[in-house]
Amino acid sequence: MSASWRFSLANSMTRPIGVAAASRLATHGVVMATGKRRGVLDDIQSKHASNPADSKRGGAAGGIVAVLLVLLPLALLIAGGTLIYRGISTMSERFKMSDLPDFGFGTGRDVRPVQQRPGGSGGTVTERPPANATTPARKSTDAPAPAAPATERGAPAAPERRQTQTGVSQAVENARRLADGDAARKAGNFAKAAELFGAAIANGLDTADVHLKHGDALDEAGQLDAALSSYTKAIARKPDYALAYSYRSITYRRKRAFDKALTDIDAAIKYDARNASFHLNRGVVRLDIGQTRESIADFDQALKLSDRYAQAFGSRGLAHMRLGQSVAALRDYESSLEIAPDNAQTRVNRALLLTDLANYDRALADIDYVLQRDPDNFDAVIQRGIITFRTGDFPAALADCTRAIAINPGSPLAWRNRAEVYRKTSEWEKLIADYDMAIALDPLDAEYFNGRGTGFYQLGDDERAASDYAFARHRDPKYALTHYNSGLLAIRQNEQARAAADFDAYIALAPNDGDGWRQRGRAREALGEAQLAERDYDKALELAPDDTMALADRCRILIKRKAWTGAERDCRRAIERDASYAEALNHLAWIKLQQRDADAGLAFAERAVELNPNSAAYIDTRAQIHEKLGNRDRAIADFKAALEIDPELQDSIDGLQRLGARR
């Protein structure tokens with residue numbers, strides 16, 4: 001996936017969606033908005049193996065049947081009510097789509113913090129820093145997943161049966177508890193449902209089906225360890241209970257215990273290979289652990305068993321998206337939405353894909369569709385901010401990011417994304433404040449430290465910038481752009497050998513980024529390694545032929561070698577691509593001076609100084625051209641002006657001495 005903010009397609013698990021990977025996006029994965037799945041309790045005993053909405057029914061409570069046979073007269077009166085609730089023990093299939101890619105702004109150079117070159121004409125906004133004051137880059141990519149919490153191992157002992165009631169009264173009471181538990185669950189009161197199902201178990205209804213109900217309610221109430229215990233008891237009572245393995249797999253996945261989740265869903269498929277949702281769930285787990293191609297085989301199988309399975313199309317679309325197969329992903333998303341047009345996660349996922357394809361109008365249409373139905377949909381608000389960011393509408397992006405923070409202030413992603421808007425508007429203190437919040441919420445994310453380090457760099461606080469970059473490198477040594485940013489900081493601190501080493505590390509991780517080669521070339525040039533520097537500039541231009549900064553840098557090396565023809569070629573190419581590039585204009589003015597065409601050189605020099613009137617080097621170039629043309633007074637004035645900016649500029653000192661003028 002290309003750069004754009006990080007975006008997890010639907011999972012706001014918050015670590016709910018940066019650069020070079022898309023990350024560099026985030027990498028940026030794609031899928032559910034809440035990380036929560038909904039189990040559905042069926043009131044009817046039914047099973048249709050090819051339909052993912054059908055459930056695997058557990059057995060009835062044997063104790064109840066025995067009592068009813070003994071106390072036949074009374075049992076006949078009660079049996080109707082009891083049997084009505086027998087189906088309550090049966091649960092339908094649950095499934096959960098996989099996580100979407102993390103939301104995040106941009107990847108690649110598109111997201112590097114940059115500073116506009118002063119003096120640009122026509123209001124053109126560029127992504128380039130000044131040639132002598134480059135600024136750090138950053139990326140948006142999926143952050144490392146937090147470690148999975150500990151889970152129970154093995155099944156607890158079966159609960160004691162209470163013997164204080166007659167069998168018939170137990171049956172009646174348990175039927176009432178099951179009914180009340182189902183009602184509580186339907187109303188969203190999962191803690192109460194879990195309490196009622198637990199009471200039925202303690203009162204003798206110690207069956208696999210009721211343990212499954214109990215585990216489902218506990219899971220929805222957020223008591224994941226207790227839910228695992230209940231599922232384990234269900235499996236102990238019915239070792240081939242496919243549905244219990246599937247539910248336990250889902251809970252293990254929520255705890256990020258992916259190996260256990262995969263083992264359990266494999267068992268579910270072993271005992272019921274015709275259940276489409278089991279294949280869907282295994283595909284989702286495989287997406288989690290990076291087995292993307294294998295996950296597609298699972299989604300294919302789910303669709304063979306249920307050819308109008310919207311979730312399977314949506315999840316397969318995610319897998320294709322992660323593999324960079326945009327056409328196949330778009331086709332799957334459209335198939336999913338044809339079946340379930342109101343599925344918010346799939347629409348957000350498709351919007352992310354369309355954003356990556358720069359089809360912003362269609363992407364916004366999907367987001368608007370979701371927000372019209374759910375104005376507080378966090379994922380949709382985040383994605384709309386990404387689109388407005390990508391299209392350069394930074395006020396709208398800022399409003400969306402602020403709205404996302406209001407909806408979910410506990411999401412580090414929302415704070416990070418707003419910080420990136422502040423980067424675009426050069427509001428560095430606000431950027432740092434938002435990254436402070438992101439770090440407080442997720443203190444181990446290398447990207448957030450790298451982003452905050454960029455803010456410190458821009459404010460000239462090299463010590464804190466270096467500290468943040470160092471932590472980011474320590475936390476994730478393969479996070480390429482931290483090496484890049486550290487190299488830029490080293491260049492500014494005139495530690496060229498360290499800068500070259502930092503860019504060595506960056507190039508090893510991102511060998512196809514021409515800017516890394518160019519920056520290493522600058523460090524090598526400062527170390528006096530002109531030949532190696534020229535090779536780096538050549539490589540940078542091989543990777544990015546229109547990079548005006550690389551053209552200007554190579555031009556400078558060629559000037560030092562007095563290779564005037566090649567130097568002029570590079571500078572003219574740079575100016576053709578950016579007529580307001582002051583450094584290239586200054587180089588060309590100097591070349592014309594050496595070629596004895598001072599009049600032409602003066603025109604280029606005037607333009608360079610106009611664009612950057614605070615550059616002592618550019619003013620000195622104009623002074624030397626005036627000297628060559630015999631304009632003594634104007635040359636002296638320029639030499640003095642250059643020395644006011646840089647009192648140590650030896651060329652201007654020498655120029656005044658040649659003209660017999662005092663400083």
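None of the values given here were measured: they were computed from a predicted structure.

## Describing the overall build of the protein chain
Thought 1: A tally of regular secondary structure across the protein chain gives 31 helices and four strands.
Thought 2: The buried share among the 663 residues of the protein chain stands at 58%.
Thought 3: In the form shown here, the protein chain has an accessible surface area of approximately 26500 Å², with 51% of it arising from carbon and sulfur atoms.

## Points about the side chain of Glu-583
Thought 1: Its location among the elements puts Glu-583 in helix 27 (residues 582–594).
Thought 2: A polar side-chain atom of Glu-583 sits 2.8 Å from a polar atom in the side chain of Arg-556.

## Here's the deal with the nonpolar core
Thought 1: Of all hydrophobic cores here, the largest spans 70 residues; its most connected members are Tyr-309, Ile-367, Ile-382 and Leu-431.
Thought 2: The element that contributes the greatest number of residues to this core is helix 21 (residues 480–492), accounting for seven residues.
Thought 3: Not counting chain neighbours up to four residues away, the residues in contact with Ile-367 comprise Val-348, Ala-351, Ala-380, Gln-383, Arg-384 and Ile-387.
Thought 4: Listed in part, the 45 residues of the second largest apolar core include Ala-550, Ile-559, Ala-584 and Ala-616.

## Description of helix 11 (residues 310–322)
Thought 1: Taking 1.5 Å of rise per residue, 13 residues should cover 18 Å, and helix 11 covers 19 Å from first to last C-alpha, within 8% of that figure.
Thought 2: With twelve of 13 residues buried, helix 11 lies mostly within the body of the structure.
Thought 3: Turning to helix 11, its buried residues number three or more, namely Ala-310, Gln-311, Ala-312, Phe-313, Gly-314, Ser-315, Arg-316, Gly-317, Leu-318, Ala-319, His-320 and Met-321.
Thought 4: Once helix 11 finishes, Gly-324 follows within two positions and takes phi at roughly 75 degrees, a positive value.

## Thoughts on the state of the cysteines
Here, disulfide denotes a covalent bond that connects the sulfur atoms of two cysteines.
Thought 1: Taken as a whole and assessed by the stated rule, the structure comprises one disulfide.
Thought 2: In this model, Cys-555 is linked to Cys-571 through a disulfide, with the two sulfur atoms separated by 2.4 Å. Looking down the S-S bond of the Cys-555 and Cys-571 bridge, the torsion is -90 degrees, so its handedness is left-handed. Linking Cys-555 in helix 25 (residues 548–560) with Cys-571 in helix 26 (residues 564–577), this pair joins segments that are 16 residues apart in sequence.

## Quick notes on the packing of helix 12 (residues 326–339) against helix 13 (residues 344–356)
Between two packed helices, what matters for the description is the angle formed by their axes and the separation of those axes.
Thought 1: It is at 10 Å that the axes of helix 12 and helix 13 come closest, and there the two elements cross at 155 degrees. Relative to helix 13, helix 12 is oriented roughly antiparallel. Like other packed secondary-structure pairs, helix 12 and helix 13 cross with a definite hand, here left-handed. Seen from helix 12, the contacting residues are Ser-326, Ala-329, Leu-330, Tyr-333, Glu-334, Ser-336 and Leu-337; seen from helix 13, they are Thr-346, Arg-347, Asn-349, Arg-350, Leu-353 and Leu-354.

## A short note on the packing of aromatic side chains
Thought 1: Inspection of every chain in the model, using the stated rule, returns seven aromatic pairs.
Thought 2: Seen in terms of ring centroids, Tyr-435 and Tyr-448 are 6.4 Å apart; in terms of plane orientation they differ by 45 degrees. Their pairing is tilted. Separated by 13 residues along the polypeptide, Tyr-435 in helix 18 (residues 428–441) and Tyr-448 in helix 19 (residues 446–458) bring together distant segments of the chain. For the pair Tyr-435 and Tyr-448, a shared accessibility class is recorded, and that class is buried.

## Focus: the pattern of salt bridges
Thought 1: Going through the model one piece at a time under the given rule, you end up with 57 salt bridges.
Thought 2: Notably, a salt bridge pairs Asp-298 with Arg-282, separated by 3.0 Å at the nearest N-O pair. Here the residue Asp-298 occupies a position in helix 10 (residues 292–305), and Arg-282 occupies one in helix 9 (residues 276–288), the gap between them amounting to 16 residues.
Thought 3: Taking the relative accessible area as the measure of exposure, Asp-298 reaches 2% and is therefore buried.
Thought 4: A salt bridge links Arg-492 to Asp-462; the shortest N-O distance between them is 2.3 Å. Residue Arg-492 is located in helix 21, and its partner Asp-462 is located in helix 20 (residues 462–475); the two are separated by 30 residues in the primary sequence.

## Topic: helix 24 (residues 530–543)
One turn of an α-helix holds 3.6 residues; hence residues three or four places apart share an orientation.
Thought 1: Between its terminal C-alpha atoms helix 24 stretches 20 Å, which fits the 20 Å expected from 14 residues at 1.5 Å a residue.
Thought 2: What helix 24 keeps buried is the set Ala-533, Glu-534, Asp-536, Tyr-537, Ala-540 and Leu-541. Buried residues along helix 24 cover an arc of 160 degrees about the axis, so they all sit on one side. Those residues of helix 24 that are exposed and angled more than 90 degrees off the buried face are Gln-531, Arg-535 and Glu-542.

Reading the values: rules and limits
- Residues numbered from 1 in each chain as written.
- Predicted model: local features only at pLDDT ≥ 70, side-chain atom pairs only at ≥ 80, totals over all residues.
- Heavy atoms only, no water.
- Helix = DSSP H or I, 4+ residues; strand = E, 2+ residues; numbered from the N terminus.
- Buried < 20%, exposed > 50% of the residue type's maximum accessible area, 1.4 Å probe, protein only.
- Areas by Shrake-Rupley, 256 points an atom, 1.4 Å probe, with all protein chains shown as cover.
- Polar contact = N/O pair within 3.5 Å; in protein donor to acceptor, adjacent residues only side chain to side chain.
- Core = buried A, V, L, I, M, F, W, Y, C linked by side-chain atoms within 4.5 Å.
- Contact = heavy atoms within 4.5 Å.
- Expected span 1.5 Å × (residues − 1).
- Disulfide = S-S within 2.5 Å.
- Axes fitted to C-alpha atoms, helices over the stretch in contact; angles between N-to-C directions.
- Parallel < 35°, antiparallel > 145°, perpendicular 65-115°, else oblique.
- Left-handed = near helix turned anticlockwise from the far one by under 90°.
- Phe/Tyr/Trp six-rings, centres within 6.5 Å; stacked < 30°, edge-to-face > 60°.
- Salt bridge = Lys/Arg side-chain N within 4 Å of Asp/Glu carboxyl O.
- Arc of directions from axis to C-beta.

All quantities given are derived from atomic positions and should not be read as evidence of function.
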